[in-house]
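Report on the structure
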Amino acid sequence: MSIALATLATNLLLSIQGWNLPILDAHAFRQTQTALSSYWFVQEGFKLDYITPVLGPPWEIPLEFPLYQWIAAALHQLTGYGLDQCGRLVSLLFFYATLVPAFLLARFFWKDSRAGWILVSLMLVNPIHVFWGRTFMIETTVLFFCTAFLWFFTKAMYEGRVHNHLLAILCGCLAGLVKPTTYASFLLVAFAIYVHVAYLHRSGWGARQWAAFLARGAALTLISIVVTYAWTKHCDSIKALHPYQPLISSSDEQREWIYGSINQRLSWPLWHRWVIGYNGWVQAMMPTLGWVGVVAIAIAIIAALLTSGRRAVIGLVALAALLSGPLVFFNLYRHDYYQMAITIWACVLVAFAFVEGIRRFWFLQFALPAFLLVVVIGYTQSGYMAQQERSPARYAEFMEVANYLKSGTDPDRDVLLVLGQDWTSEFAYYTGRKVRMQRLTDIDSLTSEQFEGFRKALDALGMRVGASALSTPVSDQVRQHLLASFVPQGSQAPTAVPFPLSRDRLSAWPQDPRIPQWTSGVVYLIPPAPGT
């Protein structure tokens, strides 16, 4: 327990590094997209069909169920604490809450509280948990509900009682609603537990007991699956109302991209990068012990599996859950934050090696704090810590542009048009304005029927393009068409204000295309029509 408390303090100290920086570090597009929904909850109230105003009106683009976003917004309104920091705090608290059911599960299956403390200690120092646990994202929220679901499912299966069944169903529904791709691996583990219970009673139950057992299993899992499916279809129906933006695809249209292809699964470079390279233990070992440390962990896990008898099932189930994420949702794991869905299983595997090793060789208990120290040192030398230690000056150029756009536009009437920055929510969030991100910057994209639909939708709402930010290079033809389309007749021509939107790659990842780069840009504040 003392080691667990020490790792908790260490996790907190690591987590608060860079706490007050803008949420513009790793995967800023996803962090600001999540924060953007919270921001508009504060501005326009809480609603189920929430808005993510980055692709023009209608602004509703519901994805995950916005439980985390609601909580972050509510905390901001209640306390006045900065929204960025409220999002970080809610995320971190959900991660700490996850440790409770994780401890209970480890203690239950190992019949040893020491196993629970070992697992919790490992979870607290794993680099994936440390970094992503303090970002403005939904990952720890779904992790908590998934782990709580698994605990109550376990209690329901082995001990019964109505409240365990109800709590398992509730947590399962919330887990599936918040992020079904994370919930999937926990359903796999739940199925393994279900099979184990069936095996224990294979010769003692009659027809009535088996019927009740099948009904309980169906209720504990299928209700949450049906609820998740219904929410997904509801979101698709809302997105289908977007009349001119085919880039907002339904879940059916996204299926091929999400699941990936057979060729991708047969690609060793992709497995090496997305699955092995992004693994938290690999990232912790590489700065200190290199591949020697990684191989040592693998050997320890294999040795534990081979010598632990029936308890090897615990490790094998954890291994299956670990691999299930990328095996099923292969393309999603190109984003390293998706490791949050399966890193708990990587922690279970390492905990398995320590628990079984200490049972056989008592002196290995002294190896645990040494291992945890190596992991923490590795984290402090990682690219994650490099992002947390950035100087606020790194973001000054972007924030200057955002503040310029914010100060020169009307929040109720003006919409920003941003060309050349993909579909990121960074401009929308830090300007506090509704935005149309235009991915393509060729002239065809500005004269298309889709773009005309955007203009008509703005007119119907009494809104207008009040400013535009363009990344260079943008052709003169694009600039001229832009100004001709949105500058009212009779008004003065807008002045182009150049901004050096350069943002260097992280030195720790010099070749990593995931780290965005801003090119130089120009911003136009478009004057209103005369007399308005």
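Residues numbered from 1 in each chain as written. Predicted model: local features only at pLDDT ≥ 70, side-chain atom pairs only at ≥ 80, totals over all residues. Heavy atoms only, no water.

This structure, assessed with the given rule, holds 0 disulfides. With no disulfide of its own, C146 has C171 as its nearest cysteine by sulfur position, at a separation of 9.6 Å. (Disulfide = S-S within 2.5 Å.)

The next subject is the pattern of salt bridges. According to the stated counting rule, one finds 10 salt bridges in the structure shown. Ionic pairing is found between D414 and R464, a salt bridge with its closest N-O pair at 3.0 Å. In this pair, D414 sits in strand β1 (residues 414–419) while R464 sits in strand β3 (residues 464–471), placing the two residues 50 residues apart along the sequence. A relative accessible area of 14% places R464 in the buried class. Shared partners join several salt bridges into a network, and the residues in it are R311, E356 and R359. (Salt bridge = Lys/Arg side-chain N within 4 Å of Asp/Glu carboxyl O. Helix = DSSP H or I, 4+ residues; strand = E, 2+ residues; numbered from the N terminus. Buried < 20%, exposed > 50% of the residue type's maximum accessible area, 1.4 Å probe, protein only.)

What follows deals with helix α9 (residues 180–200). Compared with the 30 Å implied by 1.5 Å per residue over 21 residues, the 30 Å span of α9 between its first and last C-alpha is a close match. In this fold, the buried residues of α9 make contact with α4 (83–110), α7 (139–159), α8 (162–178), α10 (207–239), α16 (312–328) and α17 (343–360). (Expected span 1.5 Å × (residues − 1). Contact = heavy atoms within 4.5 Å.)

Counting 154 residues, the largest nonpolar core has L122, W132, L150, W281, W345 and F371 as its most contacted members. Top element by residues in this core is α4. It accounts for 14 residues. For F371, the residues in contact, after removing those within four places along its chain, are L122, W281, M285, I297, V350 and F354. (Core = buried A, V, L, I, M, F, W, Y, C linked by side-chain atoms within 4.5 Å.)

The buried count for strand β2 (residues 434–438) comes to 5 of 5 residues, which makes it a mostly enclosed element. As paired strands, β1 and β2 are joined by 5 bridges and run parallel to one another. Each bridged residue has a counterpart across the sheet, and for L416 the counterpart in β2 is V435. (Pairing = 2+ DSSP bridges.)

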